[in-house]
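# Notes for the structure review
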Amino acid sequence: MGMSRRIVLTVALSTVMLMTACVGLNTFRTFYENPVSSEVSRNWRLADVKVTVPRTLSVSEERSIAPNADIVWREDKPGDRYAQVEGLVRNAAQLGAKGLKGSRPVRVEILVSNFHALTFEAE
């Protein structure tokens, strides 16, 4: 194996190891205070989705691997990141609820506490 290829592989492996170590420092999870059983939701139909993205959340446009902010999103053009995240989450909830075809209308309320997308630098 050539020297330049060995250096590239070493850098790539070091980056993967660093990113893996960083993942261990943060715990990301979806939390449901009162989970709903499938028996209960079997008759549900999505009537509305309410998404709240508090304006108190910090937003970062910093060009780094792991910006320190609540919202890191750059896939849309620069603009109101709160509104962009709200739209993304609303669309995802509507898409995820397509299978709810029951007769009981329900409203899903989502409170966003952080939203991180992979930065271009991390990618």
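Here we come to the layout of surface pockets. One way to see where empty space is left: roll a probe the size of a water molecule over the atoms. By volume, the largest pocket is sized at about 1100 Å³. Considering the residues around the largest pocket, the lining is formed by 23 residues, among which Thr30, Phe31, Tyr32, Glu109 and Ile110 are closest to the centre. With six residues, strand 3 (residues 104–111) is the largest single contributor of residues to the lining of the largest pocket. When grouped by side-chain class, the residues that make up the lining of the largest pocket number 14 nonpolar, five polar and four charged.

Let us now look at the nonpolar core. Counting residues in hydrophobic clusters, the biggest one holds 12 residues: Val49, Val51, Val53, Leu57, Ile71, Trp73, Tyr82, Val85, Val89, Ala93, Val112 and Phe115. Elements that contribute at least two residues to this core include exactly strand 1 (44–52) and helix 3 (81–96). Of the residues forming this core, the biggest block, four residues, is contributed by helix 3. Every residue in contact with Val51, bar those within four places of it in the chain, is listed here: Glu86, Val89, Arg90, Ile110 and Val112.

Atom-level detail of predicted coordinates should not be read off regions where pLDDT is low. For the chain, the average pLDDT comes to 79, and 75% of its residues sit at 70 or higher. Here residues 1–24 scores under 50 on pLDDT; set against residues more than four positions off or in separate chains, the count is three contacts.

Attention shifts here to the side chain of Gln84. Note that Gln84 resides in helix 3. A polar side-chain atom of Gln84 sits 2.9 Å from the main-chain carbonyl oxygen of Lys77. In this structure the side chain of Gln84 is engaged in a polar contact, spanning 2.7 Å, whose partner is the side chain of Arg81. Dropping the residues within four chain positions of it, Gln84 is found in contact with Trp73, Asp76, Lys77, Pro78 and Gly79.

Analysis parameters
- Residues numbered from 1 in each chain as written.
- Predicted model: local features only at pLDDT ≥ 70, side-chain atom pairs only at ≥ 80, totals over all residues.
- Heavy atoms only, no water.
- 1 Å grid on protein atoms, 1.4 Å probe; cavity = no way out; pocket = protein on both sides within 12 Å on 5 of 7 lines; lining within 4 Å.
- Points joined across faces, edges and corners; volume = space filled by probe spheres on them.
- Helix = DSSP H or I, 4+ residues; strand = E, 2+ residues; numbered from the N terminus.
- Nonpolar A, V, L, I, M, F, W, Y, C, P; charged D, E, K, R; others polar.
- Core = buried A, V, L, I, M, F, W, Y, C linked by side-chain atoms within 4.5 Å.
- Buried < 20%, exposed > 50% of the residue type's maximum accessible area, 1.4 Å probe, protein only.
- Contact = heavy atoms within 4.5 Å.
- pLDDT = per-residue confidence, 0-100.
- Polar contact = N/O pair within 3.5 Å; in protein donor to acceptor, adjacent residues only side chain to side chain.

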